[in-house]
Amino acid sequence: MVQYKVTVFTGDILNSTTLNNVFIKLVGTDGESDRTWLMGLKGASSFVRGAVSKFKVSCSTSLGNLVLIELDKQSLPLFPEDAWFCAKVEVKSPEGDIYSFPIYRWITDSKVHRFRDGKALRIFEDNHHLGRYSRQQEIHQREEDYRWDAYAEGIPHSMKAENPSSLPYEVQFSFTKTTEFLYTASTGLTELKLKGLDNCKKKWDNIESINRVFCCKKTEISEYVHEHWKEDAFFGYQFLNGVNPMLIQLCTALPSNFPVTDDMVFPHGQCSLADEMKKGNIFLCDYKRLDGVKANTINGKKQYLMAPLILLHKTPDDKLMPIAIQLKQIPSDDNPIFLPTDSEYDWLIAKIFVRSADFNEHQLNVHLLRTHLLAEVFAVSLLRNVPMVHPLYKLLKPHTRYTLQINFLARRLLISDTGNFTQFASSGGEGMFTILDRSLSSLTYSSLCIPDDIAERGVEAVPNFYYRDDGLKVWDIIHRFVQGMLSYYYKSDSDVEQDSELQKWILDIFEHGFLSRAETGIPQTFTSVTELIKFVTMVIYTCSAQHAAVNCGQFDYAGWMPNTPISLQLPPPTTKGTTSEATMLATFPDVNVTVQGMATVWLLSKQSSDFVPLGQYPEEHFTEEIPRKILKDFQMELEDLSLVIKARNKRLEIPYTCMDPSEIENSVAI
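All figures in this text were calculated on a predicted structure; none of them were measured in a lab.

Below, the discussion takes up the packing of aromatic side chains. Counting across every chain of the model gives 27 aromatic pairs. Here Phe173 and Phe181 contribute two aromatic rings whose centre-to-centre distance is 5.9 Å and whose plane-to-plane angle is 65°, an arrangement assigned as edge-to-face. By relative accessible area, Phe173 is classed as buried at 8%. A residue is classified by how much of its surface remains accessible, and Phe181, at 10% relative accessible area, is buried. When the ring of Trp229 is compared with that of Trp560, the centres are 6.3 Å apart and the planes differ by 65°; the resulting orientation is edge-to-face. Taken together, the positions of Trp229 in the loop between α4 (220-228) and α5 (232-241) and Trp560 in the loop between α18 (554-558) and α19 (581-587) put the pair 331 residues apart, joining distant regions of the chain. Residue placement shows Arg35 over the ring face of Phe23; its charged tip is 3.8 Å from the ring centre. Sitting over the face of the ring of Tyr445, Lys534 holds its NZ or CZ atom 5.6 Å from the ring centroid.

The subject of this paragraph is the UniProt feature "domain: PLAT" (unreviewed entry) in the protein chain. With numbering aligned to this structure, UniProt lists the feature "domain: PLAT" (unreviewed entry) at residues 2-121. In this annotation, residues 2-121 is assigned 0% helix and 51% strand; the end-to-end C-alpha distance for the span is 28 Å.

Next up on the list: the sheet that holds strand β13 (residues 282-286). Here five strands make up an open sheet; going across it, the order is β12-β13-β16-β17-β18 and the pairing antiparallel. Each edge of the open sheet carries a strand with a single partner, namely β12 (249-250) and β18 (337-338). Here strand β16 (residues 309-314) runs beside strand β17 (residues 320-326); their pairing, made up of six bridges, is antiparallel. Note on β17: the bridge partner recorded for Leu311 is Ala324. Across the face of the sheet, α5 comes into contact with β13, β16 and β17 while running at roughly 90° to β17.

Let us look at the nonpolar core. The nonpolar side chains of soluble globular proteins are, as a tendency, buried together. Formed by 196 residues in total, the largest nonpolar core has its most connected members in Leu71, Val89, Trp505, Phe535, Val536 and Phe588. Take this core: its biggest share by element is 23 residues, from helix α8 (residues 344-385). Grouped together as the second largest cluster of nonpolar side chains are 15 residues, Val265, Phe266, Met277 and Ile337 included.

Our focus in this paragraph is a positive patch on the surface. A cluster of basic residues, Lys5, Lys42, Lys54, Lys56 and Lys92, forms a positive patch on the protein surface. As for its placement among the helices and strands, Lys42 is situated in the loop between β4 (36-37) and β5 (52-59).

With a phi close to 65°, Asn15 is a non-glycine residue in the positive phi region. With respect to the helices and strands, the residue Asn15 is situated in the loop between β1 (2-10) and β2 (21-28). In this structure Asn15 comes out as exposed when scored by relative accessible area, which is 54%. Notably, Asn299 is not glycine yet its phi reads approximately 55°, a positive angle. By secondary structure assignment, the location of Asn299 is in the loop between β14 (297-298) and β15 (301-302). A relative accessible area of 25% means that Asn299 is categorised as partly exposed.

The rules behind the values
Residues numbered from 1 in each chain as written. Predicted model: local features only at pLDDT ≥ 70, side-chain atom pairs only at ≥ 80, totals over all residues. Heavy atoms only, no water. Phe/Tyr/Trp six-rings, centres within 6.5 Å; stacked < 30°, edge-to-face > 60°. Buried < 20%, exposed > 50% of the residue type's maximum accessible area, 1.4 Å probe, protein only. Helix = DSSP H or I, 4+ residues; strand = E, 2+ residues; numbered from the N terminus. Lys NZ or Arg CZ within 6 Å of the ring centre and 35° of its normal. UniProt positions renumbered as here; feature names shortened; annotations may be inferred. Pairing = 2+ DSSP bridges. Contact = heavy atoms within 4.5 Å. Axes fitted to C-alpha atoms, helices over the stretch in contact; angles between N-to-C directions. Core = buried A, V, L, I, M, F, W, Y, C linked by side-chain atoms within 4.5 Å. Patch = residues over 30% accessible without salt bridge, like charges linked within 9 Å, V, L, I, M, F, W, Y side chains within 5 Å. Areas by Shrake-Rupley, 256 points an atom, 1.4 Å probe, with all protein chains shown as cover. Salt bridge = Lys/Arg side-chain N within 4 Å of Asp/Glu carboxyl O. Lys, Arg positive; Asp, Glu negative; His and termini not counted. Charge placed at Lys NZ, Arg CZ, Asp CG, Glu CD.

Structure, rendered in structure tokens:
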């Protein structure tokens, strides 16, 4: 007889304990053990939260190299079946070899569950018949558990689910996350001391009334916004380092529908547009995706959503200053080009319409589509097509944490017929899906890769562009990490081409995420290691850093409503010299719309206490020495960058923290 020493690690998370009987079978290249009841000295406490329990499994002869283990649990007559979260199982063979089996799964039933040794294997390397069989069984079950659903025409497909509890256990919120999210969602208005105003459908009488509401809850940056929101320099700054740094582009020729002249923007003849464009000092923001979008009706009143064009000038002191704003796409006599030399409220109201347009463009395209919906596609395709033993699964699984449930809740609480965005945003309802459809139609692979995107927009040299500076560094660190990991497992392009599971993953993404639109540039297959590395880098960057950049500052920049109105309820002025403070106040959203918007961005900005920062992998899916070292190097590079960014931020009037690796969540989880 020979003995195998088995160590079982129960996860250290709430409700991970099982009081059921647990059984194991060891399967090797030369045979398999009997199904063995894991009964140890600890008795019923062997599988309590955080327990590390040791057992022995006896066999008549050596099993050879271990290929997999089978686990199942059975309830006792007086005890109900419970859920057990097993972290991992380690087995020491009679020959002294140690095998690690990463699990990190909830086992909720009495079925037999098979788990592979931690060494990552691609399908063409998996030579053992039981290994291949367990791989096929796992994928078959995952195809049942993770089904595609078309939420609306023209947008990426999503995970089919009736409610959060119908999601597979492994992708649901933790108890902590659930409790905190529900608390924040249900008490948002109370916490902001806005209860009682959420049903007030009156207009704002004066700016002081808005100020009193704002003072109930503020951050250091939102206080800065409150003090500087009218300033042109701050207006320009937000195109670089606000929540939507994705629109600004170098302007080398004026659009034909934006007839700005030198006399308008340089009235003293100090320079010309042509010369400044040659020097790379003129920039454009064009909200053409919003043109003709049907605006919402809120509190029985028609709302207004413009599709503005903005021209900005980089000054000699490196500020980005707005010099012209046209609020509609088609030039006409009743669509004036507003200038800084206009009256105070003509110019201010023009900027307010731009900021409101930016809110809608940001929320639907930059935030919802380009991070949340794409992250869900990446996750569902991974969970449907790639088994746990695959290196891609091990690499990307941490970047799917909570994404499926947070997106389900977003569809239910924000963009459903009764959702907050639908009810209170100017693009809510029909307009919302028009914008999403247009956004997906214009989305390109290169725009998801920050080095390509920055180059295509011509903004490589814009000063004080911290989103770009920090984002490029984070991208490079992620790219080196992914390159190290995937080059370890894929030695040649043919290795990539013959990995059928990998090819199914990318094809599902192309078909369900990008609706088979070849013009996006998204690959349908992978033909090289280099191509694979870039795509996986993009996936990790999108799910972590990019989401952080467009999510974490939402309350900072939208908490003070005049800086980022969720909706506007008067049309823009058609002639100059007709506006006043009263016009501005009448244009702002009603009181209830304002406070609902504040509560929503507060919820979307609230970090959970079980936040996991980029580079931290509590679950040990990689067991080989070289991948573990690559992971450690990745973590050290991120720590070094975090220190550099923190030091830089101490010198800034407005700290840019969104791309600090210690502030970036590993996944789209809020």
